[in-house]
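# Summary of the model geometry
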Amino acid sequence: MATAMHLTSVKTSGSDSLAPRSSSRQRCVLPQRLHFATSVGSSLSLSRSVKKSCRSGVFKVCCTGANVDVLEKSSAVTQGFGDSENQLNCVMKFGGSSVASAERMREVADLILSFPNERPVIVLSAMGKTTNNLLQAGEKAVSCGVTNVSCIDELSFIKELHLRTVKELGVDESIIATHLEELDQLLKGIAMMKELTLRTRDYLVSFGECMSTRIFAAYLNKIGVKARQYDAFEIGFITTDDFTNADILEATYPAVAKRLHDDWITDPAIPIVTGYLGKGWRTCAVTTLGRGGSDLTATTIGKALGLREIQVWKDVDGVLTCDPNIYTRAEPVPYLTFDEAAELAYFGAQVLHPQSMRPAREGDIPVRVKNSYNPNAPGTLITRTRDMSKAVLTSIVLKRNVTMLDIVSTRMLGQFGFLAKVFSIFEDLGISVDVVATSEVSISLTLDPSKLWSRELIQQATFTLVVLSPILPSNVTGIFF
Ligand SMILES: Nc1ncnc2c1ncn2[C@@H]1O[C@H](COP(=O)(O)OP(=O)(O)O)[C@@H](O)[C@H]1O
Ligand SMILES: N[C@@H](CC(=O)OP(=O)(O)O)C(=O)O
């Protein structure tokens, strides 16, 4: 097992693509024989700020000091949530950690209401670790037998958490009763079939967001704040049918905008939307946007409605200089560009969904990463450009289990189209390449193993790849021309 280290510089502006673009060129002396070697290691990606220009005035919201409120607060409450003459103007997304209990939901409600001039769309994730628990319950159901489904610990935990939350918030239990019953039935179905397909997995995890949003909307209504719950897959979140990792399709933007806008105009109520979920355009089945996908739901809504700001509320003071679980003294990064944030997320910074910057960038809508446990912290403001004049190093990201592929061939020398052929194979196989380094006789690539799990490398007629063992992240033994 080898370890790969990579220095990655962050693009800051001037490019239209958010596709992974980290690259470094290396000249390396490698043995003069044909071989492919793969290794699983860890890639230390140092995101380096390189661009030294900044267009001033681009920030729609300023954040200059440590204790500055990020939203304009007006002492005169002139624009309540019920004012239909005013459009929805921002998204506030709260992740699982922010809505993990009744107490947290109350705090989130208070937080939303502490900005009376805002007319937000609220996006929620599932409560706490519900998504993980649902997945584990599903795995257990496959082999535990129908009669034992009700004994699955994770199922009991999910039920207990949601029922307790409903009780503590004083809302009607019936708001989630149907979902809890259906969840039982679904797990029994999985137990009967002894099978958990990706499609079923997505339907299974959707219960988390469906329940958290229903509870929260009911609570807001109970305290006199008019709110309306939406399942994203019912309001136009159209995706590819790539279960567990679906992409948002363009048709989503007008559909979601129309539905949310029309409802707001006819009967204003704070929209409470399920994060993470969509509807496959062919199958019409529930899809998910990849783990952490609620961030993408939020930025999609931001772009669809052309909102002023997208806020993602986390359990940390913004995007930090390093994963706080690795280095406890990591500090918040006050400003980032969309490209920097996308690159950090892509290379493993858990704080944002890798695709979530795309809609924000396309709509040029600032994204603010805030701490729901510490709302006064300024957080991180992500915009198209920023002042890079003093920037040296932005953030350090560690990505584990990177698969490295070395392609060595003297046939490359003086030839044209070699790289094109290599990359066309990855394209055909739907495998994304993270980092590329080339010399005259070699290409080194890192591949994200999570993209490889379900794909088999097939023999290519034009390029004759012979796979000696299945391409799995940890055990590729070799590929020869
Ligand atoms: N560079 C980073 N900056 C901030 N948080 C990070 C970073 N890298 C990893 N994390 C982790 O991401 C977590 C926040 O993301 P997440 O758990 O998705 O929040 P939520 O569930 O509220 O959306 C933090 O608790 C932190 O442990
Ligand atoms: N609940 C989903 C989606 C999500 O975005 O969650 P969070 O915001 O808690 O990372 C997940 O756990 O992946």
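Now for a description of the structure that goes with this document. Since we're looking at a predicted model, the values are computed, not measured.

In this section: the sheet that holds strand 8 (residues 277-280). Here we have three strands laid out as an open sheet, ordered 6-8-9, and mixed in their pairing. The outermost strands of the open sheet, each flanked by one partner alone, are strand 6 (238-239) and strand 9 (286-288). One ladder, built from three bridges, connects strand 8 with strand 9; its direction is antiparallel. Looking across to strand 9, one finds that lysine 279 is bridged to valine 286.

Residues in close proximity to ligand 2 include Lys93, Gly95, Gly96, Ser125, Ala126, Thr131, Glu209, Tyr276, Arg291, Gly292, Gly293 and Ser294, which together make up its full environment. In the environment of ligand 2, an oxygen atom lies 2.8 Å from a nitrogen or oxygen atom belonging to the backbone of glycine 292. Surface burial for ligand 2 is 83%, taken as the share of its 330 Å² of free accessible area covered by protein chains. Residues of the shell around ligand 2, tallied by class, amount to two nonpolar, seven polar and three charged.

It is at 10 Å that the axes of helix 3 (residues 153-169) and helix 5 (residues 198-222) come closest, and there the two elements cross at 5 degrees. Judged by the inter-axis angle, helix 3 sits roughly parallel to helix 5. Where helix 3 approaches helix 5, its residues Ile158, His162, Thr165, Val166 and Leu169 are matched on the opposing element by Met211, Ile215, Tyr219 and Lys222. Split into classes, the residues belonging to the contact of helix 3 with helix 5 amount to six nonpolar, two polar and one charged.

Inspection of the sheet shows strand 6 paired to strand 8 by two bridges, in the parallel sense. Bridge pairing links threonine 239 to glycine 280 in strand 8. Hairpin connection, strand 8 to strand 9: the antiparallel pair is bridged by five residues, and cysteine 284 has positive phi, about 60 degrees.

With that out of the way, let us pick up the environment of leucine 134. Mapped onto the elements of the fold, leucine 134 is located in helix 2 (residues 130-144). A C-alpha to C-alpha distance of 6.9 Å links leucine 134 and glutamate 154, two positions 20 residues apart in sequence. The contact partners of leucine 134, leaving out residues within four places of it in the chain, are Ile158, Leu183, Leu204, Val205, Phe207 and Gly208.

Our next topic: the site of ligand 1. Around ligand 1, a shell composed of 16 residues is seen, among which Lys93, Ser97, Asp315, Leu320 and Asn325 lie nearest. Between an oxygen atom of ligand 1 and a side-chain N or O atom of lysine 314, the distance comes to 3.1 Å. Backbone polar atom of leucine 320 to a nitrogen atom of ligand 1: 2.8 Å apart, as the coordinates give it. Compared with its free state, where it exposes 560 Å², ligand 1 has 83% of that area covered by protein. Of the residues belonging to the shell around ligand 1, the class tally is six nonpolar, six polar and four charged.

Scoring rules and cut-offs
Residues numbered from 1 in each chain as written. Chains lettered and ligands numbered in written order. Predicted model: local features only at pLDDT ≥ 70, side-chain atom pairs only at ≥ 80, totals over all residues. Heavy atoms only, no water. Pairing = 2+ DSSP bridges. Helix = DSSP H or I, 4+ residues; strand = E, 2+ residues; numbered from the N terminus. Near = heavy atom within 4 Å. Polar contact = N/O pair within 3.5 Å; in protein donor to acceptor, adjacent residues only side chain to side chain. Areas by Shrake-Rupley, 256 points an atom, 1.4 Å probe, with all protein chains shown as cover. Nonpolar A, V, L, I, M, F, W, Y, C, P; charged D, E, K, R; others polar. Axes fitted to C-alpha atoms, helices over the stretch in contact; angles between N-to-C directions. Parallel < 35°, antiparallel > 145°, perpendicular 65-115°, else oblique. Contact = heavy atoms within 4.5 Å.

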